[in-house]
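Here is how the chains run, residue by residue.
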Amino acid sequence: EANMASGGVSVASLWTEVNRCGQNGDFTRALKAVTKILHENRDDVTALHCKTVCLVQTGSFKEALNVMNTHSKVLGSDVVFEKAYSEYRLNRVESALKTIEAAPEQTDKLKELYGQVLYRLERYDDCKSVYTDLIRNSQDEYEEERKTNLAAVVASMSQWEEAPLEDLGLPESTYELCYNAACALIGQGQLTESFNKLRQAEELCRVSLAEDSDVTEEDIESELAVIHSQMAYVMQLEGRTDEALQLYNQVIKLKPSDVGLLAVTANNIITINNDQNVFDSKKKVKLTNAEGVEYKLARKQLQAIDFNKALLAMYTNQADQCRKLASSLQSQNPGHPRPVLIQVAQLCREKQHSRAIELLQQFSDQHPESASGIKLTMAQLYLIQGNVFNRRCHVTKACDVLRSIEEFKHKSGMISALVTMYAHEEDIDSAIEIFKQAIDHYQSEQPGSAAHLALVREAANFKLKYGRKKEAISDLEQLWKQNPKDIHTLAQLISAYSLVDTDKAKSLSKHLPSADTMALNVDVDELENSIGATYVRKKAAKVTGENPPKEQTQPGEIKKKKKKKKKGKRPKNCDLNATPDLERWLPMKERTYYRGKKKGKKKDQIGKGTQGATAGGAAELDASKTASSPPTSPRPGSASGSSTAATAVPPRQQKPAASGATRKKVPQKKKKGGKGGW
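In the annotation of an unreviewed UniProt entry, the protein chain is listed under the name Signal recognition particle subunit SRP72 and assigned to Cyclopterus lumpus. Note on the protein chain: under the UniProt heading Function (unreviewed entry), the record states "Component of the signal recognition particle (SRP) complex, a ribonucleoprotein complex that mediates the cotranslational targeting of secretory and membrane proteins to the endoplasmic reticulum (ER)." One UniProt comment on the protein chain, placed under Sequence similarities (unreviewed entry), says "Belongs to the SRP72 family."

A.B. asks: So what exactly am I meant to see when it comes to the overall build of the protein chain here?
C.D. replies: Of regular secondary structure, the protein chain possesses 31 helices and zero strands. For the protein chain, the proportion of its 678 residues judged to be buried stands at 32%. A sequence separation of at least 24 residues applies to 47% of the contacts in the protein chain between residues at least 6 apart. Only carbon and sulfur atoms are counted for the fraction: they give 50% of the accessible area of the protein chain, which is about 46700 Å².

A.B. asks: Can you walk me through the pattern of salt bridges in this structure?
C.D. replies: If the charged atoms of two oppositely charged side chains come close together, the side chains can form a pair. Scanning all chains against the criterion turns up 24 salt bridges. Residue arginine 136 pairs with aspartate 133 through a salt bridge whose shortest N-O separation is 4.0 Å. Taken as a pair, arginine 136 and aspartate 133 lie in helix α9 (residues 124-137) at a separation of three residues, close to a single helical turn. Accessibility expressed as a relative area gives 57% for arginine 136, which makes it exposed. The partly exposed category is assigned to aspartate 133, whose relative accessible area is 28%.

A.B. asks: In this structure, what is going on with a negative patch on the surface? I would like to understand it.
C.D. replies: The grouping of Glu141, Glu144, Glu145, Glu176, Glu218, Asp219 and Glu223 at the surface amounts to a negative patch. At three residues, helix α13 (residues 217-237) tops the list of elements feeding residues into the negative patch. With respect to the element layout, glutamate 145 can be found in helix α10 (residues 143-160).

A.B. asks: Would you mind showing me how to read the environment of glutamate 162 here?
C.D. replies: With respect to the element layout, glutamate 162 can be found in the loop between α10 and α11 (175-187). Given the relative accessible area of 65%, glutamate 162 is considered exposed.

A.B. asks: What is the right way to read helix α6 (residues 80-89) from this model?
C.D. replies: Since one α-helical turn is 3.6 residues long, residues separated by three or four positions face the same way. Every buried residue of α6 is listed here: Val80, Glu82, Ala84, Ser86, Glu87 and Tyr88. Taken together, the buried residues of α6 touch α3 (45-57), α4 (61-70), α7 (93-101) and α8 (108-120).

A.B. asks: Please explain helix α19 (residues 338-349) as it appears in this structure.
C.D. replies: Taking 1.5 Å as the rise per residue, α19 with 12 residues should run 16 Å; its terminal C-alpha atoms sit 17 Å apart, in good agreement. Taken together, the buried positions of α19 are Pro339, Val340, Ile342, Gln343, Val344, Gln346, Leu347 and Cys348. Remark: lysine 351 follows α19 within two positions and exhibits a positive phi of approximately 65°.

A.B. asks: What's the story with the UniProt feature "repeat: TPR" (unreviewed entry) in the protein chain in this structure? I'm lost.
C.D. replies: Listed under "repeat: TPR" (unreviewed entry) in the UniProt record, and renumbered for this structure, are residues 225-258. End C-alpha atoms of residues 225-258 are separated by 10 Å, and the span's content is 79% helix alongside 0% strand.

A.B. asks: Can you help me understand the nonpolar core in this one?
C.D. replies: A general tendency of soluble globular proteins is for nonpolar side chains to be buried together. Core analysis: the biggest nonpolar cluster contains 53 residues, and Val344 and Phe462 have the highest contact counts within it. The dominant element in this core, judged by the number of residues it contributes, is helix α24 (residues 428-445), at eight residues. Every residue in contact with phenylalanine 462, bar those within four places of it in the chain, is listed here: Val419, Ala423, Ile428, Ala431, Ile432 and Phe435. Counting 27 residues, the second largest nonpolar core, distinct from the first, contains Ala155, Tyr175, Leu191 and Tyr248.

A.B. asks: How do you make sense of the packing of aromatic side chains when you look at a structure like this?
C.D. replies: The description of an aromatic ring pair rests on the distance of the ring centres and on the angle between the ring planes. Counting across every chain of the model gives five aromatic pairs. Between phenylalanine 81 and tyrosine 85 the ring centres are 6.0 Å apart and the planes differ by 15°, which places this aromatic pair in the stacked class. In this pair, phenylalanine 81 and tyrosine 85 both sit in helix α6, four residues apart, roughly one turn of the helix. The class of tyrosine 85 is partly exposed, set by a relative accessible area of 24%. On the basis of an interplanar angle of 50° and a centroid distance of 5.7 Å, the ring pair of phenylalanine 435 and phenylalanine 462 is categorised as tilted. In this pair, phenylalanine 435 is assigned in helix α24 and phenylalanine 462 in helix α25 (residues 450-465), connecting sequence segments 27 residues apart. Ring pairing ties together the aromatic residues Phe61, Phe81 and Tyr85, which thus form one cluster.

A.B. asks: How should I be thinking about the environment of aspartate 167 in this particular structure?
C.D. replies: By the element assignment, aspartate 167 lies in the loop between α10 and α11. The class of aspartate 167 is exposed, set by a relative accessible area of 76%. Separated by 13 residues in the primary sequence, aspartate 167 and valine 154 place their C-alpha atoms 9.4 Å from one another. At 3.1 Å, the side chain of aspartate 167 and the backbone nitrogen of glycine 169 are in polar contact.

A.B. asks: Would you explain the packing of α10 against α11 in this entry?
C.D. replies: The description of two helices packed together rests on the angle between their axes and the distance between the axes. Contact geometry for α10 and α11: axes closest at 7 Å, N-to-C directions at 15°. If you check the angle between α10 and α11, you find them roughly parallel. Remark: the crossing between α10 and α11 carries left-handed chirality. Packed against α10, whose contacting residues are Lys147, Thr148, Ala151, Ala152, Ala155, Ser158 and Gln159, the element α11 presents Glu176, Leu177, Asn180, Cys183, Ala184, Ile186 and Gly187 at the interface. Taken together, the residues that form the contact of α10 with α11 break down as seven nonpolar, five polar and two charged.

A.B. asks: What exactly am I supposed to notice about the side chain of serine 156 here?
C.D. replies: Mapped onto the fold, serine 156 is located in helix α10. Residue contacts for serine 156: discarding those within four places in its chain leaves Tyr119, Tyr124 and Glu161.

A.B. asks: I tried to follow the environment of glutamate 87 on my own but got confused; where do I start?
C.D. replies: Relative to the elements of secondary structure, glutamate 87 occurs in helix α6. Overall, the relative accessible area of 8% leaves glutamate 87 in the buried class. With 23 residues separating them along the chain, glutamate 87 and alanine 64 place their C-alpha atoms 9.9 Å apart. Ignoring anything within four residues of it in the chain, the contact list for glutamate 87 reads Leu65, Arg92, Val93, Ser95, Ala96 and Thr99.

A.B. asks: Looking at this structure, how should I read the confidence of the model for the protein chain?
C.D. replies: Regions with low pLDDT carry predicted coordinates that are not meant to be interpreted in detail. Averaged over the protein chain, the pLDDT score is 79; the fraction of residues at 70 or greater is 79%. Here residues 1-6 is a poorly scored stretch, pLDDT under 50, and it has 10 contacts once near neighbours within four places are set aside; other chains count. Counting interchain partners and residues more than four positions distant, the pLDDT-below-50 stretch residues 614-666 has 18 contacts.

A.B. asks: Would you mind showing me how to read the side chain of histidine 353 here?
C.D. replies: With respect to the secondary-structure elements, histidine 353 resides in helix α20 (residues 353-366). For histidine 353, the residues in contact, after removing those within four places along its chain, are Cys348, Leu381, Ile384 and Gln385.

A.B. asks: Even after reading the chapter, I still don't get the packing of α3 against α6, so can you show me in this structure?
C.D. replies: In contact at an axis separation of 11 Å, α3 and α6 are set at 25° when each is read in the N-to-C sense. Viewed along their axes, α3 and α6 adopt a mutual orientation that is roughly parallel. Once α3 is placed against α6, the crossing between them reads as left-handed. Along the contact surface, α3 presents His49, Thr52, Val53 and Val56, while α6 presents Glu82, Tyr85 and Ser86.

A.B. asks: Is there a simple way to think about unusual backbone geometry in this case?
C.D. replies: Unlike most non-glycine residues, asparagine 277 shows phi in positive territory, near 50°. The residue asparagine 277 is located in the loop between α15 (259-273) and α16 (278-284) in this model. A positive phi angle, close to 65°, is found at lysine 351, a residue other than glycine. By secondary structure assignment, the location of lysine 351 is in the loop between α19 and α20.

Cut-offs used in this document
Residues numbered from 1 in each chain as written. Predicted model: local features only at pLDDT ≥ 70, side-chain atom pairs only at ≥ 80, totals over all residues. Heavy atoms only, no water. UniProt positions renumbered as here; feature names shortened; annotations may be inferred. Helix = DSSP H or I, 4+ residues; strand = E, 2+ residues; numbered from the N terminus. Buried < 20%, exposed > 50% of the residue type's maximum accessible area, 1.4 Å probe, protein only. Contact = heavy atoms within 4.5 Å. Areas by Shrake-Rupley, 256 points an atom, 1.4 Å probe, with all protein chains shown as cover. Salt bridge = Lys/Arg side-chain N within 4 Å of Asp/Glu carboxyl O. Patch = residues over 30% accessible without salt bridge, like charges linked within 9 Å, V, L, I, M, F, W, Y side chains within 5 Å. Lys, Arg positive; Asp, Glu negative; His and termini not counted. Charge placed at Lys NZ, Arg CZ, Asp CG, Glu CD. Expected span 1.5 Å × (residues − 1). Core = buried A, V, L, I, M, F, W, Y, C linked by side-chain atoms within 4.5 Å. Phe/Tyr/Trp six-rings, centres within 6.5 Å; stacked < 30°, edge-to-face > 60°. Polar contact = N/O pair within 3.5 Å; in protein donor to acceptor, adjacent residues only side chain to side chain. Axes fitted to C-alpha atoms, helices over the stretch in contact; angles between N-to-C directions. Parallel < 35°, antiparallel > 145°, perpendicular 65-115°, else oblique. Left-handed = near helix turned anticlockwise from the far one by under 90°. Nonpolar A, V, L, I, M, F, W, Y, C, P; charged D, E, K, R; others polar. pLDDT = per-residue confidence, 0-100.

Below you can see the structure in the form of structure tokens.
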């Protein structure tokens, strides 16, 4: 009876059932049999181990962990792999790492899991070492999977850490390997090569899946979704946004099961939409909030999605939401400038430029290593304020901020911007100081280089332009020594010395070429008699007599053609024999025969006017002469004299109150230059 389990079944037969189900992969039935065994002996180590394996195989990771933690003393280190794997699948990656590192022996299974855990923790260097060691020391049917994982590690290092590509001799025989190689090329900025590699991966995928008769076209498209999304990303980087958007939307329509792929695709569509099509962006942003996304993407990908959520809140005028998201991002990434820039952009939309500058200054003081972009933004805001308030003060502040950026201090673009702003503010001394500092820097770092000489040339031209010839002498001498054949520079140098040292100017003038060598071999007489020579005609003296002689053309003079006077057009049905109307040039009302318009009705007609009114004088009927008459229509942008009800028609739709006969007619100006008419 001791060997009989509940229900009258022997323990031996239960173990037989467990063994048979385990071989067939039916872990659900095996779990039932093991549970019956443990009902008889709850501390059976083998049964506990089998139960743990069955729970892991059926995906019951929490229950498996509970069993292992409850019976940890009995099981010991026999279930280290099962425990670490359960923790990994439950996204407790840090706990899984501790479990693996605490294991007494590092088996091959643990090493494989160790590589996966390190990849999830983005410890790519350690992960690469683990997979390299596994590929070197193991030969089995999983070698291709290990190489695929190693290729994924190399691609992640290239994309997220900007590490240079390392040739590990990995093949590109499968579409997964080819895809990872393409991702690595994207990280290096080799977009054309990566796009071609993705095309190759697409073909390999179609060929490999077409061999399986059970795979449908929809299954192939679902498998290709990740490749197509990456191709669209390359198009977007190349500026082919319309093509990229079309391909992204195709991927979204497929509704792939990978929430990470959906989130990345939706995020990239939002970036293309920018501040346009925000309704579509608000729909797409929901895909980035799907459950489990945070476990599928790298930290930088999640960070980019969060940044875009804050920007979308700003574009949709959700100011409070934008500030909330930006503040959260800043607390998560204290040294990253982008959350601060988003807050500043929101403040600028609210016209709070002073508060925005304070925020930028605060970040710049706390994180000087990341302050270059922040200071550029600060200078831009000072210039914006200068357009509204005290211009000179704010432009000077902008220049001071730009000069404090050590990283860009001696860049040609920065020098040009500073000199332009100082010159605009008529602060020539400060502009020359900028040139001096830059020239000194290049003199010590790159003497005689093209950039150095170009800077000296610009400095000399600037000083000459603003009348600082004395200060330009040293720059001009340096340029002339570099190129003694430069006559233009020599002439400038002589001109500058003529104000300071005339003797030096005379001695330098000896280096100028002689007048004979500079003269052009030109025949002056031939040039004057040529067709293209200009000729000034002298006024002819007055000739007395009835028939003055015709004007004779001089040699070299081009005879002017006389313009023919065009005949005026006559109106239709014109009778040339009839006498024309002498008053035809006068307006109709001013002609003597005008008798006014015939209305066809008597002037004083009974019954005209409002009901009950008596006939009065013309002055009584003229509404324009009454003192209390309101304007017929309010002026644009102004209210009428009397208050109106809430239901009043807006001024642009309101009809005039008085009739057309009672309004004073405003005389219209005559049109100029009109064709036709009199």
